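What follows is each chain in one-letter form.
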Amino acid sequence: AAGDICRGAKDADILVSPANVTGRMDGGIDQIYINRFGWQLEKRLMRDILSVYGGHLPIGSAHLITTYDEEVPLMICAPTMEWPPGYVGHTDNAYLAFKAVLQCATSEGAKALGRDPVVLMPGLATATGGMSGQVCAVQLHRAWVEFHK
């Protein structure tokens, strides 16, 4: 079911964006984020990705960015696809993205906040990517278990 993820954001430190590899945030859940944080978030994210990663944040990587929002100060971009629309239902992209989210949140996120962060994340690759919720859940569980070994 679709909803406004930002409604629950007041309890989170970090929102997760499954944007594409360039950081474009012009559709899907990212449009909700842009409505909340403004287009400057996308511009800064794309600039960071160009500067740090040569314009391409690989699937399986994550990048932390400041939102400049008092309620939700940080966002992690963890791409699940190259370009939308891109069917990725048959890939391990949700697993790869979530593993990167966990690493980024527990290292960079915790360092920025001075404590363990509360992370709010939509389904990864489930809307535009076409992955079923069940497949996504299995992949997220696998990443969680492997990360905590």
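Starting from 1, residues in each chain are numbered consecutively following that chain's sequence as written. In keeping with the model being predicted, local features are shown solely for residues with a pLDDT of at least 70 and side-chain atom pairs are shown and tallied solely at 80 or more, while totals for entire chains, interfaces and linings include all residues. Remark: hydrogens and water are excluded; side-chain values derive from all non-hydrogen atoms of the structure.

Asks: Describe in detail the environment of Tyr 33, supporting the description with residues and values.
Replies: Only DSSP runs of H or I covering at least 4 residues are called helices, and only runs of E covering at least 2 are called strands; the numbering of each starts at the N terminus. Along the chain, Tyr 33 falls in helix α1 (residues 29-37). In this analysis, two residues are considered to be in contact whenever any of their non-hydrogen atoms come within 4.5 Å of each other. Those residues in contact with Tyr 33 that sit more than four places away from it in its chain are Ile 5, Cys 6, Leu 15, Val 16, Ser 17, Met 25, Gly 38, Met 75 and Pro 122. Among the polar contacts made by the side chain of Tyr 33, one reaches the main-chain carbonyl oxygen of Val 16 at a distance of 2.7 Å. Identification of polar contacts relies on pairs of N or O atoms within 3.5 Å, with a donor-acceptor requirement for protein atoms, meaning one able to donate a hydrogen and the other able to accept it, and with residues adjacent in sequence counted only if both atoms are side-chain atoms.

Asks: Now, about the packing of aromatic side chains: what can you tell me, with residues and values included?
Replies: Centre distance and the angle of the planes are the two values used to describe a pair of aromatic rings. Two aromatic rings, drawn from Phe, Tyr or Trp (for Trp, its six-membered ring), form a pair once their centres lie within 6.5 Å of each other, and the interplanar angle then sorts them: stacked below 30 degrees, edge-to-face above 60, tilted otherwise. Throughout the structure, instances matching the rule amount to 1 aromatic pair. Relative to Trp 144, the ring of Phe 98 has its centre 6.4 Å away and its plane inclined at 15 degrees; by these criteria the two rings are stacked. Linking Phe 98 in helix α3 (residues 93-113) with Trp 144 in helix α4 (residues 133-147), this pair joins segments that are 46 residues apart in sequence. Only protein chains enter the accessibility calculation, which uses a 1.4 Å probe; a residue is then buried when its area is under 20% of its type maximum, exposed when over 50%, and partly exposed in between. Given a relative accessible area of 44%, Trp 144 falls into the partly exposed group. Two conditions define a charge located above a ring, namely a distance within 6 Å from the ring centre to NZ of Lys or CZ of Arg, and an angle within 35 degrees of the ring normal. The lysine or arginine in question, Arg 142, covers the ring of Tyr 95, its NZ or CZ lying 3.6 Å from the ring centre.

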